[in-house]
Amino acid sequence: MSVSVAFWVLASIAVLAALSVVLVRDVFRAALSLILCFLMVAGLYITLSADFLAAVQILIYVGAISVLIILAIMLTREVQRGSPSNRFRLPAFFVAVLFFAGIGYAMLNTPWQISSTPPLEPTTPAIAGLLFGPGGFILPVEIAPLLLLAAIIGAIVLVREK
Amino acid sequence: MAMQMLPPNWPGNFWAHWAIFAVVILVFVLLMVMFFIWLERRAMAVMQARLGPNRAGPFGLFQPAADALKILIKEDIIPARSDKLVHWLAPVVAFVPAVLVFAVVPFWGGALLADLNIGILYVVAISSVTIVGIFMAGWSSNNKYSTLGAMRQVASVVSYEIPVVLSLVGVILLAGSLSMQQIVAAQDIPFILLQPLGFLLFFTGALAEINRAPFDLTEADSELVAGYMTEYSGMKFGLFFLAEYAEALAISAIVTTVFLGGWRGPLLPPWLWFVGKVVIVFFVIVWIRTTVPRLRIDQLMALAWKFLLPLALLNLLITAAEILFWPAVSLWVLIPINFAVMIVLVLLWSRLFKLGWGKVEV
């Protein structure tokens, strides 16, 4: 009962925040709405008993990614008036509607399986076992840092003085 | 050391537990912040051969209360071309995370709001939200000093977050858990002895994250007036001030819990041990403030990326190797080894910051 109340509060604020990201003219306020949306999604993870994921969501999305977005905004001109719309306005609207319809159709027509086992408590040992244990996902875990390393080296090469 | 533990849902009911600890945490934070303001002013005065506040009450103890009253009745000025909504929200966004951290800090065995199994990760995640409030303040004030202060703060937090988290991983490896309760329970030997390098890196990085001196570039008075809070007055300024001291209190509480054994100690009641250790850690912070001069912005970045980050990685590697290869060895043996490792690494790395490996006189 209380979980479903929490879900509806979090979900409605998340949707409103996401809408205001798109509709608000002031780019800085749009970034702040995006942060609110990230926080609400973290709350949704908590209602799903995914506490580790919620903390990581706040740490990475609120603490790091939104700070980078805000830093990028600082380098933008005309922040208050936002980005004026151009001739791609209508095509972009149609693409967005099509995407929304596709996602909505897929979500409503998927036979979601609901697990009958209670959620794991505590979650961290299970996650660690899956990531690093035998028969786990150690290969993707190793590939991701390699990709990040390549990106870092690429960034250094791009900004290095000749 | 006997482990006196309270049941997890003390006093029995979920909501009663929640309400009692919410009130306890708020009262604890407000009282300790007022005490800290007094302690900082008096201790700094003694160290600088001054008197400090000594008129309001015995030893000037009521000075923070008098200041709080004064700040409450002051006029609230909002800059003319500022973003009013964001300007109004910023102090709240900066203050709330500083208080939320205390939800997982154990004051006693079992006496904490929520024993999350991700405790220390929660602390790191929540305290990273404060930066958003500071940035909102800097941007919405429509003042170049505010924006510059906020930019500096963002740069330092983004850089110092990494060594801070990495230096905590060593402790997590030793304790085998992320839960603050378990970390305290694992400290038969306080982790400051087993992780001296980790403690040093965490303390330095944490001071930079809450921009205490010598890392207080964001509010360097001689360059930036008051940094991001230049345009704030009245209670909104008070809230930022409160948030800053609440963060210092949070860092003291986390250092106490993670490195100094938390509420554990002989003879005295556990809560007294906890509060005593917190006050000692805060006193060291004040001591550092009066001793070390402020860094330049390039020195700030260099310290994070060239000194703290590689040392934090090495510390993690050494700790992991010790746990992997000598699981049976007594922890007492590791203490001298880890202290030797710390001294050698710090001396080696600090030579990198001197011209020509220390051979050239500047």
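To be clear, the structure that these remarks concern was listed above.
What you see is a predicted model; the values in this text were computed from it and never measured.

J.: For the overall build of chain B, give the residues involved together with the corresponding values.
T.: The helix and strand inventory of chain B stands at 14 helices and zero strands. For 362 residues, the compact-globule formula gives about 21 Å, and the C-alpha radius of gyration of chain B, at 21 Å, lands near that figure. Along the three orthogonal principal directions, the C-alpha set of chain B runs to about 65 × 65 × 40 Å. Sorting the 362 residues of chain B into buried and exposed places 44% on the buried side. Partitioning the intrachain contacts of chain B with sequence separation of at least 6 by distance along the chain shows that 78% fall at a separation of at least 24.

J.: Describe the overall build of chain A, and please don't skip the residues or the numbers.
T.: Across its full length, chain A holds six helices and zero strands. Each helix and strand of chain A, ordered N terminal to C terminal, gives the series α-α-α-α-α-α. For 162 residues, the compact-globule estimate of 2.2 N^0.38 gives 15 Å, and the C-alpha radius of gyration of chain A, at 20 Å, exceeds that figure by more than 25%. Seen along its three principal axes, the alpha-carbon backbone of chain A occupies a region of about 50 × 50 × 25 Å. With 162 residues in all, chain A has 16% of them scored as buried. Contacts in chain A between residues far apart in sequence, at least 24 positions, make up 54% of those at least 6 positions apart.

J.: Requested: an account of the environment of B:S128, with residues and values cited.
T.: For B:S128, the location among the structural elements is in the loop between α4 (119-127) and α5 (130-140). Among the residues examined, B:S128 registers 23 C-beta atoms within 10 Å and is labelled buried. Residues B:S128 and B:A56, 72 residues apart in the sequence, show an inter-C-alpha distance of 37 Å. Dropping the residues within four chain positions of it, B:S128 is found in contact with A:L59, A:V62, A:G63 and B:E161.

J.: Please provide a residue-by-residue account of the environment of B:S350, values included.
T.: Residues and elements named next belong to chain B. When you line up the elements, S350 lands in helix α14 (residues 331-351). S350 gets classed as exposed once you count the C-beta atoms within 10 Å, which come to 11. Along the chain, S350 and F307 lie 43 residues apart, while their C-alpha atoms are 7.7 Å from each other.

J.: Give a description of the nonpolar core that names residues and reports values.
T.: Of all hydrophobic cores here, the largest spans 120 residues; its most connected members are A:I58, B:I120, B:A246 and B:L249. Ranked by residue count, the leading element in this core is helix α11 (residues 234-259) of chain B, at 16 residues. Excluding its chain neighbours within four sequence positions, the residues that come into contact with A:I58 are A:L39, A:A42, A:G63, B:A125, B:I126 and B:V129.

J.: Requested: an account of the interface of chain A and chain B, with residues and values cited.
T.: With 19 residues of chain A in contact, the opposing surface of chain B contributes 21 residues. Where the side of chain A that touches chain B is concerned, the elements lending two or more residues are α2 (27-47) and α3 (51-74) of chain A. Per-element accounting of the side of chain A that touches chain B gives the leading share, 12 residues, to α3(A). Of the residues in the side of chain A that touches chain B, the class split is 13 nonpolar, four polar and two charged.

J.: Talk me through the packing of α11(B) against helix α12 (residues 270-291) of chain B; I want residue IDs and the actual numbers.
T.: Residues and elements named next belong to chain B. Here α11 crosses α12 at 120°, and the two axes come no closer than 8 Å. In this view, α11 runs oblique relative to α12, as classed from their interaxial angle. Here the hand of the crossing between α11 and α12 comes out right-handed. In this structure, α11 contributes A248, S252, A253, V255 and T256 to the contact, and α12 contributes F274, K277, V278, V281, F282 and I285. Class assignment for the residues of the contact of α11 with α12 results in eight nonpolar, two polar and one charged.

J.: Quick one: what's the story with the environment of B:K144, residue by residue and with numbers?
T.: All names here are of chain B. Positionally, K144 belongs in helix α6 (residues 144-175). Classification of K144 as exposed rests on a count of 12 C-beta atoms within 10 Å. Taking the C-alpha atoms as reference points, K144 and W332, 188 residues apart in sequence, are found 54 Å from one another.

J.: Go over the packing of helix α3 (residues 84-100) of chain B against α5(B), please, and point to the residues and values.
T.: Residue and element names in this part refer to chain B. α5 packs onto α3 with a crossing angle of 160° between their chain directions and a minimal axis gap of 7 Å. The angle between α3 and α5 falls in the class roughly antiparallel. Like other packed secondary-structure pairs, α3 and α5 cross with a definite hand, here left-handed. The residues of α5 that touch α3, namely those facing V86, H87, L89, A90, P91, V93, A94, P97 and A98, are T130, V132, G133, I134, M136, A137 and S140. The residue inventory of the contact of α3 with α5, partitioned by class, reads 12 nonpolar, four polar and no charged.

J.: Tell me what's going on with helix α9 (residues 196-209) of chain B, and back it up with residues and numbers.
T.: End to end, α9(B) covers 20 Å across 14 residues, agreeing with the expected 20 Å (1.5 Å per residue, within 8%). Counting buried positions along α9(B) yields 13 of 14 residues, so the element is predominantly enclosed.

What counts and what doesn't
Residues numbered from 1 in each chain as written. Chains lettered and ligands numbered in written order. Predicted model: local features only at pLDDT ≥ 70, side-chain atom pairs only at ≥ 80, totals over all residues. Helix = DSSP H or I, 4+ residues; strand = E, 2+ residues; numbered from the N terminus. Rg over C-alpha atoms; globule rule 2.2 N^0.38 Å. Buried ≥ 20, exposed ≤ 12 C-beta atoms within 10 Å, placed from the backbone. Contact = placed C-beta atoms within 7 Å. Core = buried A, V, L, I, M, F, W, Y, C linked by C-beta atoms within 7 Å. Nonpolar A, V, L, I, M, F, W, Y, C, P; charged D, E, K, R; others polar. Axes fitted to C-alpha atoms, helices over the stretch in contact; angles between N-to-C directions. Parallel < 35°, antiparallel > 145°, perpendicular 65-115°, else oblique. Left-handed = near helix turned anticlockwise from the far one by under 90°. Expected span 1.5 Å × (residues − 1).

Functional significance is not addressed by these values, which are geometric in nature.
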